[in-house]
Amino acid sequence: MALDIKQQDFTVERDEEKCIRCQVCVRQCANDVHAYDKDEDRVTSNPKSCAGCQRCVALCPTNALAVRRNSSELRDNANFTFQVVKDIQKQAEQGGILLTGMGCDKPYTIYWDHMLLNASQVTNPSIDPLREPMELKTYIGSKPNKLEFSNGDIPEIRTKLAPQLTLETPVMFSAMSFGSISYNAHQSLARASRDLGTVYNTGEGGLHKNLYEYAANTIVQVASGRFGVNPEYFEHSAAVEIKIGQGAKPGIGGHLPGEKVSAEISETRMIPQGTDALSPAPHHDIYSIEDLKQLVYALKEVVEYEKPVGVKISAVHNVAAIASGMVRAGADFIAIDGLRGGTGAAPTVIRDNVGIPIELATAVVDAKLREEGIRHKASLVVAGGVRNSGDVLKAIALGADAVYIGTSALVAMGCHVCQKCYTGKCNWGIATQDPYLTKRLNPDIGKRRLVNLLHAWSLEIKEMMGGMGINTIESLRGNREHLRGIGLTELELSILGIKHAGEGW
């Protein structure tokens, strides 16, 4: 047998005096890191397969465990770092593509952290959100250029309005398919969306029949594999989204391994049980904006023009021109997923090297659509690394109508971002289909934590808006004068369309 020369990512430290050999860690670890030796009455650990999910640490009743990053280091080399060497060694052993989960973790500039929001002082006083109304309600869909009213004592709108998604707060739960995440996770997202007055996205894995009752809070996705797409799918939805790309893997398709395709997933996706679910890189009926236009209007016919139809793409170099074409193709909303967008499984080299940050994409798309006079024709929803309420407000000031959150939602439910989603061995019951593991996510608790998260963010958004002297989210949308950059180059400031901190109006 060949020698395994890879270094482990983590070390497991066990305090033998505190350990009571209850074997909780043995039962809880899906990666078989811990084992009980009956003869010696001792629990041992082999950290080679440790994912660093911290579940054993969290559940150890005597705090006997600690999981830490491996402190063993190679000789310092800025080019051939520990991770680079480990990846080369792994591919030399396996001869395959390196896979990963979650979003890009490279130390690229996080532009959210280099933008500062404005605050009111004397001439434009702030607003107290505890005593004065603050409006966060957001409408996603195409808007008319102008409104026509009837004559009379009580004028009525004559202009026919396009269908809209109504959000009580400008945050939606991003596309995550049944297959990439568990049914309990999907149920948590659906139930939280209904309680919050927002929506969640099914992803490309179809819609489980038990979730039909959440139709008013569901965006269904039409991806290249067309999994689960049927008349009932559209009937039990509030909007439809055509998925062209996603931030973690622009330009490539998807793959759900056959071992994850259980009976329930088979029925939901409408594929044979145990078979691989492969999504081609392109839609084989879309090779131009004209082709996209045909599909947009075909789906509008299916939903009888009663629901908005949008398109999701990755943030890439020419994203502004692409977005313009999508609006002209009839999309009611555009979803753009940036470089840091998460995933259940993606080639590491794609996730870390393809695409651009969502902050830059948001700015250039909003500017392009305004320049062409078509900004009102489609709403802009952005995703990929939105971590808190400050990021949400900055995205809206850059031009977004609303944001999608995926990773943040998973973290709220218990995810520890160990990036091993593709293994199907999620110890927190989220990115898995293992019946033993999925039970670990209680949908009642998952829903409550998601509701708490967005409730907290909404309170913070109101506080920040009040401090800015703004009482409606509409007043901030695309208003970049409320943003200032810090620690950015002149070119970065120009692309973002903002001034440097210290510059006045």
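Whatever comes next refers back to the structure up there.
**Points about the overall build of the protein chain**
Here is step 1 of the chain: Helix and strand counts for the protein chain come out as 15 helices and 21 strands.
Here is step 2 of the chain: Judged by the C-alpha coordinates and their principal axes, the protein chain covers about 90 × 55 × 45 Å.
Here is step 3 of the chain: In the protein chain, which comprises 505 residues, the share counted as buried stands at 52%.
Here is step 4 of the chain: For the protein chain, contacts bridging at least 24 residues in sequence account for 68% of all contacts bridging at least 6.

**Quick word on the nonpolar core**
Across soluble globular proteins, nonpolar side chains have a tendency to be buried as a group.
Here is step 1 of the chain: By size, the foremost hydrophobic cluster in this structure holds 102 residues, and its most contacted members are Phe-173, Leu-189, Ile-334, Ile-336, Ile-405, Ile-430 and Leu-496.
Here is step 2 of the chain: Aside from chain neighbours lying at most four places away, what touches Ile-334 is Val-311, Ala-323, Met-326, Val-327, Leu-369, Ala-378, Ser-379, Leu-380 and Val-381.

**Side note on the environment of Asp-15**
Here is step 1 of the chain: Assignment of secondary structure puts Asp-15 in the loop between β1 (10-14) and α1 (24-28).
Here is step 2 of the chain: For Asp-15, a relative accessible area of 32% puts it in the partly exposed group.
Here is step 3 of the chain: A C-alpha to C-alpha distance of 35 Å links Asp-15 and Phe-80, two positions 65 residues apart in sequence.
Here is step 4 of the chain: In this structure the side chain of Asp-15 is engaged in a polar contact, spanning 3.0 Å, whose partner is the backbone nitrogen of Glu-17.

**Concerning the sheet that holds strand β10 (residues 200-201)**
Here is step 1 of the chain: With parallel pairing, the 8 strands of this closed barrel are ordered in space as β9-β10-β11-β12-β15-β16-β18-β19.
Here is step 2 of the chain: One ladder, built from 2 bridges, connects β10 with strand β11 (residues 218-222); its direction is parallel. The partner of Asn-201 across the bridge, within β11, is Ile-219.
Here is step 3 of the chain: Along the sheet, helix α10 (residues 358-371) makes contact with β16 (333-337) and β18 (379-383), crossing β18 at roughly 170°.

**A closer look at α10**
Here is step 1 of the chain: Compared with the 20 Å implied by 1.5 Å per residue over 14 residues, the 20 Å span of α10 between its first and last C-alpha is a close match.
Here is step 2 of the chain: What α10 keeps buried is the set Ile-358, Glu-359, Leu-360, Ala-361, Thr-362, Ala-363, Val-365, Asp-366 and Leu-369.
Here is step 3 of the chain: Looking at the buried side of α10, the elements it contacts are β6 (115-117), α8 (319-328), β16, β18, α11 (389-398) and α15 (490-496).
Here is step 4 of the chain: Positive phi shows up at Gly-373, right after α10, with a value of about 75°.

**Section: the packing of aromatic side chains**
Here is step 1 of the chain: This structure, assessed with the given rule, holds 2 aromatic pairs.
Here is step 2 of the chain: Geometrically, the ring pair formed by Phe-178 and Tyr-183 is edge-to-face, given 6.3 Å between the ring centres and 65° between the ring planes.
Here is step 3 of the chain: Judged by relative accessible area, Phe-178 falls into the buried class, the value being 2%.
Here is step 4 of the chain: Classification of Tyr-183 by relative accessible area gives buried; the value is 18%.
Here is step 5 of the chain: Directly above the ring of Tyr-297 sits Lys-300, whose terminal nitrogen or CZ lies 5.0 Å from the centroid.
Here is step 6 of the chain: A cation sits over an aromatic face here: Arg-484 above Trp-505, 5.8 Å from the ring centre.

**Thoughts on the pairing of β18**
Here is step 1 of the chain: Of all 5 residues making up β18, 5 are buried, and the element is well covered by its neighbours.
Here is step 2 of the chain: Side chains of β18 alternate between two faces, with Ser-379, Val-381 and Ala-383 and Leu-380 and Val-382 buried alike.
Here is step 3 of the chain: As judged from the 5 bridges shared by β16 and β18, these two strands associate in the parallel manner. Within β18, the position partnered with Ile-334 by the bridge is Leu-380.
Here is step 4 of the chain: Bridge analysis of β18 against strand β19 (residues 402-405) gives 2 bridges, and the strand direction is parallel. Bridge pairing in β19 links Val-382 to Val-403.
Here is step 5 of the chain: For the segment spanning β18, α11 and β19, crossover handedness is right-handed.

**Some points on the packing of α11 against helix α14 (residues 443-468)**
Here is step 1 of the chain: Contact geometry of α11 with α14 gives a least axis separation of 9 Å together with a crossing angle of 55°. Between α11 and α14, the angle is such that the two are oblique. Where α11 crosses over α14, the two elements pack in a sense that is right-handed. Taken together, the residues of α14 that come into contact with α11 (itself represented by Ser-389, Gly-390, Val-392 and Leu-393) are Trp-457, Glu-460, Ile-461, Met-464, Met-465 and Met-468.
Here is step 2 of the chain: The class makeup of the residues in the contact of α11 with α14 is 7 nonpolar, 2 polar and 1 charged.

**Re unusual backbone geometry**
Here is step 1 of the chain: A positive phi angle, close to 70°, is found at Gln-54, a residue other than glycine.
Here is step 2 of the chain: Here Gln-54 shows up in the loop between β3 (42-45) and α2 (55-59).
Here is step 3 of the chain: Relative accessible area serves as the criterion here: at 25%, Gln-54 is assigned to the partly exposed category.
Here is step 4 of the chain: Look at Gln-419: it is not a glycine, yet its phi comes out positive at around 65°.
Here is step 5 of the chain: With respect to the helices and strands, Gln-419 occurs in the loop between α12 (407-413) and α13 (435-438).

Cut-off values and rules
- Residues numbered from 1 in each chain as written.
- Predicted model: local features only at pLDDT ≥ 70, side-chain atom pairs only at ≥ 80, totals over all residues.
- Heavy atoms only, no water.
- Helix = DSSP H or I, 4+ residues; strand = E, 2+ residues; numbered from the N terminus.
- Buried < 20%, exposed > 50% of the residue type's maximum accessible area, 1.4 Å probe, protein only.
- Contact = heavy atoms within 4.5 Å.
- Core = buried A, V, L, I, M, F, W, Y, C linked by side-chain atoms within 4.5 Å.
- Polar contact = N/O pair within 3.5 Å; in protein donor to acceptor, adjacent residues only side chain to side chain.
- Pairing = 2+ DSSP bridges.
- Axes fitted to C-alpha atoms, helices over the stretch in contact; angles between N-to-C directions.
- Expected span 1.5 Å × (residues − 1).
- Phe/Tyr/Trp six-rings, centres within 6.5 Å; stacked < 30°, edge-to-face > 60°.
- Lys NZ or Arg CZ within 6 Å of the ring centre and 35° of its normal.
- Right-handed = clockwise from strand over helix to strand, strands pointing away.
- Parallel < 35°, antiparallel > 145°, perpendicular 65-115°, else oblique.
- Left-handed = near helix turned anticlockwise from the far one by under 90°.
- Nonpolar A, V, L, I, M, F, W, Y, C, P; charged D, E, K, R; others polar.

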